[in-house]
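So you can see what is in the structure, the chains are spelled out below.
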Amino acid sequence: HVPGKDFCDMSKPFGVPFEEWSIVNCMLPTKYHPEFQNNIFERLTANIIKQIHPNLEMAKDYDQLLNKWPGKKDAVFAWHQDMGYWPGPKA
C-alpha cells in the first residue's frame, strides 16, 4: 500500500487528471473494491495451488489491476522484472 499512489497512470507523472490517463494502475484493487474479492480468477488460482501443494496453507498477499486505454499512443508499459522486489528463498 502506497498512500496516494496506489491508483495512478503508469505512463505519466502523478497528478495528471484521470481523463488524460493512458495506463490505469490500481495496486490492491480488492482493498479498494471489496466486490472484486473472491472472484473467479482468485478461486481458480486457489484451486490450482491446492492441487499442486495440498499440504501447504497459502494466502494471497498482493493483487494489481492494469488497464491500457485503447487508442493511446503513450500507453507503453516497458518490459521489466519484478523479482528484485520479492524476498529471496531464505525469507
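Note that the structure is predicted; figures quoted are calculated from it, not measured. (Residues numbered from 1 in each chain as written. Predicted model: local features only at pLDDT ≥ 70, side-chain atom pairs only at ≥ 80, totals over all residues. Heavy atoms only, no water.)

### Comments concerning the overall build of the chain
The test is simple: Helix and strand assignments follow DSSP, with helices taken as H or I runs no shorter than four residues and strands as E runs no shorter than two, numbered in order from the N terminus. A radius of gyration in this sense is built from C-alpha atoms; the matching globule rule multiplies 2.2 Å by the number of residues raised to 0.38. Exposure classes here rest on a 1.4 Å probe applied to the protein chains alone. A residue is buried below 20% of its type maximum, exposed above 50%, and partly exposed in between. Note on contacts: a residue pair is in contact if any heavy atoms of the two residues lie within 4.5 Å. Within this scheme the basic residues Lys and Arg register as positive and the acidic residues Asp and Glu register as negative, but His and the chain ends are omitted. Just so you know, the charge point we use is NZ for Lys, CZ for Arg, CG for Asp and CD for Glu.
Counting secondary structure elements, the chain contains two helices and three strands. Along the chain, helices and strands appear, N-terminal first, in the series β-β-α-α-β. A compact globule built from 91 residues should have a C-alpha radius of gyration of about 12 Å, whereas the chain, at 16 Å, is more than 25% larger. Once the C-alpha set of the chain is aligned to its principal axes, its extents read approximately 45 × 30 × 25 Å. Taking all 91 residues of the chain together, 18% fall into the buried category. Look at the contacts in the chain between residues 6 or more apart in sequence, and 56% of them connect residues 24 or more apart. Of the charged side chains in the chain, 10 are positive and 11 negative, and the gap between their average positions amounts to 4 Å.

### With respect to the pairing of strand β2 (residues 23-27)
Operational definition: Here, strands pair whenever DSSP counts at least two bridges between them.
Among the five residues that make up β2, five are buried, leaving the element largely enclosed by the rest of the structure. Here β2 shows a buried face lined by I23, N25 and M27 and a second buried face lined by V24 and C26. Bridge count for strand β1 (residues 7-9) against β2 is three bridges, and the pairing is antiparallel. Looking across to β2, one finds that D9 is bridged to V24.

Worth remembering: the numbers are spatial, not functional.
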